[in-house]
Amino acid sequence: MREALASQRDSASEAVLLEIPHPRSDFRPDIEGMRAVAILMVVAFHAGFAWIRGGFIGVDVFFVLSGYLITDILVKEIERTGRLSFAKFYARRAKRLLPASFLLVLCTLLFSFAILSPLEVTRIAQTAMATGSYSSNLWFILKSTDYFGAGVDTNPLLHTWSLAVEEQFYLVWPLLLLLCLKQRKTRAIAAVVLSIVALISFAACIWLTRMYAPIAFFSTPTRTWEFAIGGLAAMLQETQRLRALRHVKFAWLGTVLLLGSACLMRSTSRFPGPMALIPGVGTVLILIAGKYCAMDSGLFGALKHPAMQKIGNLSYSWYLWHWPILVFGRILLPSSGKLGSTLLLAISLCIAWLSYRLVETPIRFSPRLSVVPSSALALGAGLTAAGLLVSGLALAGAHRWEHYPPEMAFLKASSGSAQDDHCATGFRSDALIRCSFGPVDGPVVVLFGNSHAGQWIPALRDLPVPRWHVITLLKSACPSVDVPVYNPHLQREDNNCSRWRQKALDYIRRIRPVAVILCNSSGYVKRPDFEDPYAHVTVSTWQAGMRSTLTNMNTGATSVFLVRDTPRPGFDVPTCLSRAESHPGFFSASGCTIREATALAEPVWRAERLAAAGLSYVLPVDLTNRFCGEGQCKPIMYNMIVYRDGNHMTLAFHIPSDLC
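These numbers were taken from a predicted model, which means no experiment stands behind them.

Taken N-terminus to C-terminus, the directions of helix α5 (residues 118-132) and helix α24 (residues 573-582) make an angle of 110°; their axes are 8 Å apart at the nearest point. Considered as vectors, α5 and α24 are oriented roughly perpendicular to each other. Together, Pro 118, Leu 119, Glu 120 and Arg 123 of α5 and Pro 574, Thr 575, Ser 578, Arg 579 and Ser 582 of α24 make up the contact between the two elements. Broken down by class, the residue content of the contact of α5 with α24 amounts to 3 nonpolar, 3 polar and 3 charged.

Set out below in structure tokens:
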């Protein structure tokens, strides 16, 4: 408790994930306890505990707290003095935020070089540069990152997106409040402006969650409404209109909304969108009631508990350190399970405490930095420059490392896609794009499917005796099988996929090719011990959809080669091989061998064969023996790396004679 009170000596500190000190008499232990609840939600979600699959809403709680506390501090300063000291405001931000953030980036880069492959270090260094320029959220949007998707658990700086949103919020919010309050010094005008901002932001959030979820999730404009409702609560909590919400029963209602969201929401809940309003409103209800209710018992007594106060006090530090510790720990100990994750969280909490005591607190309460804002601003500028310099040097070093043999082979294997980018329809379009190659006067063959069909293009192009005129009908993340497709980027069913598929089938019936080569990813089908963000249909639905597609391609003159999906390693193969090559003390190439039973989607292939039963024009083609043998699928065959990621073949690996 002494540490929590000590934090208030700095007259106005941070918001989300940060301790926001008030004047001592205004300290609210319930807010410190809410920080603890929020960070516990986040770390439990990241640790993979099934009972709190919606724990990601902890960040939304932090955003609302941030809007509430920062708005309360700024409004009171403007009303009291008629002005706002931007120098002091940003000086406090700099000395509180940047030392710990710089230390995190530095340690992450050093540890990445120590245990990760150059392919991974390059990606992490790029993220570190974005983190150092307070724009990592924009970087993840640019990379079309799915926060809930596969592969994100290897980026130890993924969690910095929320810090970037916070920092961008700090750039705009003080000026907005000053413009609203300086002239008339009335909260009514500011409340109207904040309400308009919140409504526009919320509408954009809902629309973009449906159209393109990464923008809705990571961008500051679509998250601003959460800060705004917190700010409105701070400005209006003393008005007559909100007086009814000051009862403890509304705090309990808010608690139910928060805990219900954390336990019942899923990554498939089209989040943030309108669902984010539930934890947002819950947080506001607790904040308003907590302003007036007694703190000695019940809900507020629990929030005031010393353990909750200490966790809340460390919330920023723990948020910074827990995710990279989890990422690196799982890489080194991939089979550690929930017990291992719990141990890693405990280790990260200890590191957070050390960071807080040895780095953050001395700098934050330095007499010189507190008295002279320009010194804190200079410190912030220096740490920003140092962070960018370190990240740039790491990126340059990783690039040079990538180009040392045999790392170049792994880099080449992981680069590029099998099909020409302009030949595949994107997932936001239903346009029927056709590419062709081979003798113009040859028999017409159609290659039809998603990227797993496209990976056979090099084999068809390199036939020993080219005799087919091949036309490609390909669409990213869209199988040719007649099933509904859930797209995690859109967080909804992809209607463009069904429209594109129908156009492709109509085209095939119209041109009547001599053959159709049909191949699809098996990753759309739910099955035991298989996780994929696209896996949303059952085996029986897949079988019925395959039957429908095959029946629709019966032109009387067309043969269909139904090609089995290639084995799926389930991990990034070039990265695994690169780790083993660059750090043999930590990793072994034998760990990159794929178990055949795990890699083969046998239920899916069985369903596809059953769908083809009785159709004389359909020939099932199983090429598994070209990839696997004796119960294993090797990552390198015929001196070629087989996979460019966790489920696609490389450009180099193909066997032309198999598809003649």
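Predicted coordinates in regions of low pLDDT should not be interpreted in detail. Summary statistics for the protein give a mean pLDDT of 87 and a share of 92% for residues scoring 70 or more. In the predicted structure, residues 1-24 sits below a pLDDT of 50 and forms 89 contacts with residues beyond four places in sequence or in another chain. Low pLDDT, under 50, characterises residues 656-660; the stretch is placed with 15 contacts to residues that sit more than four places away or in other chains.

A word on the side chain of Ser 135. Among the structural elements, Ser 135 can be located in the loop between α5 and α6 (136-142). Of note is the side chain of Ser 135, whose polar atom sits 2.9 Å from the side chain of Ser 133. Filtering out sequence-adjacent residues up to four positions away, Ser 135 remains in contact with Ala 130, Ala 164 and Gln 168.

One way to put it is that helix α4 (residues 86-115) packs onto helix α7 (residues 160-181) with a least axis distance of 12 Å and a crossing angle of 175°. Considering their axes alone, α4 and α7 lie roughly antiparallel with respect to each other. For the pair α4 and α7, the contacting residues are Phe 86, Phe 89, Tyr 90, Arg 93, Leu 97 and Leu 104 in the first and Thr 160, Glu 167, Tyr 170, Leu 171, Pro 174, Leu 175 and Leu 178 in the second. Of the residues that constitute the contact of α4 with α7, the class distribution is 10 nonpolar, 1 polar and 2 charged.

Rules used throughout
Residues numbered from 1 in each chain as written. Predicted model: local features only at pLDDT ≥ 70, side-chain atom pairs only at ≥ 80, totals over all residues. Heavy atoms only, no water. Axes fitted to C-alpha atoms, helices over the stretch in contact; angles between N-to-C directions. Helix = DSSP H or I, 4+ residues; strand = E, 2+ residues; numbered from the N terminus. Parallel < 35°, antiparallel > 145°, perpendicular 65-115°, else oblique. Contact = heavy atoms within 4.5 Å. Nonpolar A, V, L, I, M, F, W, Y, C, P; charged D, E, K, R; others polar. pLDDT = per-residue confidence, 0-100. Polar contact = N/O pair within 3.5 Å; in protein donor to acceptor, adjacent residues only side chain to side chain.

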